[in-house]
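Descriptive structure summary
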Amino acid sequence: MALLREPLLLLSRSGVVKKLVSTMPVSAGIVKSYVPGETTATAVEATRGLVDDDLKVTLDFLGEDTLDVEHADATVAAYVELLRELSSQGLSRSAEVSVKLSAIGQALQDVGHKTALENARTICRAARNAGTTVTLDMEDHTTTDSTLTILRELRKDFPETGAVLQAYLHRTEADCRALAYEGSRVRLCKGAYNEPEEVAYQSRIDVDRSYVRCLKVLLAGQGYPMIASHDPRIVEIASSLASRFGRAQGSYEFQMLYGIRPDEQRRLARAGETVRVYIPYGQEWYGYLMRRLAERPQNLSFFLKSLISK
Ligand code: FAD
């Protein structure tokens, strides 16, 4: 099954396959188990369900690698509408947003960095008005420097902005040291893209070891670590490290993806931990779904069945 990871991640960037399957509605089969819906209303409804169960939420309006300005603008508008809706429904204390910079212009030729920064500012302002925060998702390694530079710029006006670091990258332990300061929110994940060995650990065990080293840096630091993993071993190690570093519950949080290990999400919340669920929504679910299938190729047969029956 591990052999399928690389081809699936390559497919996640294939425009042809994307076109072929993207006409499938979100309600179809396997998509629905990872993505609750396409509209702001369905995203807000899913948020309410989780918040009622004492979970927190971060919402991602799906999209990535946008190559036209209107599309980037439409994504910004979708976030602004979502934030207004979360606020008016009294959910913005429990729900924030996650943003992929490539969905708001980072991949545009020449003006990508500047456009993504301006658009991210607009979303941060809307989040501030709604009383909540933004976390910048991290994409493939070619974007890491630009994303961290944009983070630094945004934090001058919006110091509550969070970032994601990926344990599979060799550079990440150093990035954790640089970001482990007071007020800094850092989501640590293993990393979901297909990365070359020059920049990333390739074996599971090396990635897991790096994750634990990075976690120690974040928990020992002054910031707010967000431990994003479904891996039972990582969750257990994180819990014991948190008490070893004298971290009270609520001075860090666990994060998991919508639809993955929901019972564990609730178990941790019942044990007094802060748990945040990442909800992706929207029509552009293709790249997201392919990354989830790459993590769990066992689900590939369900996906193919939903394609055939469409
Ligand atoms: P794994 O070892 O992959 O999985 C551990 C166990 O979790 C598996 O044995 C299985 O039981 C369960 N599981 C894992 N994946 C699935 C699945 N798809 N379906 C069903 N069960 C599964 N990556 C980025 O590169 N950039 C980001 O910005 C980013 N943001 C994230 C935000 C959150 C809140 C989370 C939870 C993950 C994010 N990721 C991001 C993805 C992350 O990098 C991993 O690819 C993903 O979380 C799988 O790694 P894992 O730590 O859960 O461990």
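All figures in this text were calculated on a predicted structure; none of them were measured in a lab.

1. Structural notes on helix α6 (residues 112–130)
End to end, α6 covers 27 Å across 19 residues, agreeing with the expected 27 Å (1.5 Å per residue, within 8%). Buried within α6 are the following residues: Gly112, Thr115, Ala116, Asn119, Ala120, Ile123, Cys124, Ala126, Ala127 and Ala130. Take α6 and look down its axis: the buried residues cluster within an arc of 170°, on one side only.

2. A look at the UniProt feature "binding site: FAD" (unreviewed entry) in the chain
Feature annotation in UniProt assigns "binding site: FAD" (unreviewed entry) to the following positions: Met138, Gln166, Lys190, Gly191, Ala192, Ser229 and His230. Residue placement: Met138 occurs in the loop between β3 (134–136) and α7 (144–157). Under the C-beta neighbour-count criterion, Met138 is labelled buried, with 25 such atoms within 10 Å. Apart from residues lying up to four places away in sequence, Met138 is in contact with Thr144, Thr147, Val164, Leu165 and Gln166. Secondary-structure assignment places Ala192 in the loop between β5 (185–189) and α9 (204–220). Residue class for Ala192 comes out buried when judged on the 21 C-beta atoms lying within 10 Å of it.

3. Digging into the sheet that holds strand β2 (residues 95–99)
The 8 strands are arranged β1-β2-β3-β4-β5-β6-β7-β8 in a closed barrel whose pairing can be described as parallel. If you compare each strand with its neighbour and ignore which way they point, the axes differ by 30° on average. Relative to strand β8 (residues 275–281), strand β1 (residues 56–61) is paired through 6 bridges, and the arrangement is parallel. Paired with Asp60 across the bridge in β8 is Pro280.

4. Section: the site of the ligand
Neighbouring the ligand are 24 residues; Asp137, Cys189, Ala192, Ser229 and His230 lie closest to it. Residue assignment for the shell around the ligand shows that the elements contributing at least two residues are β4 (162–166), β5, β7 (253–257) and α12 (286–295). Per element, the largest residue contribution to the shell around the ligand is 3 residues, and it comes from β7.

Quick notes on the rules
- Residues numbered from 1 in each chain as written.
- Predicted model: local features only at pLDDT ≥ 70, side-chain atom pairs only at ≥ 80, totals over all residues.
- Helix = DSSP H or I, 4+ residues; strand = E, 2+ residues; numbered from the N terminus.
- Expected span 1.5 Å × (residues − 1).
- Buried ≥ 20, exposed ≤ 12 C-beta atoms within 10 Å, placed from the backbone.
- Arc of directions from axis to C-beta.
- UniProt positions renumbered as here; feature names shortened; annotations may be inferred.
- Contact = placed C-beta atoms within 7 Å.
- Pairing = 2+ DSSP bridges.
- Axes fitted to C-alpha atoms, helices over the stretch in contact; angles between N-to-C directions.
- Near = placed C-beta within 6 Å.

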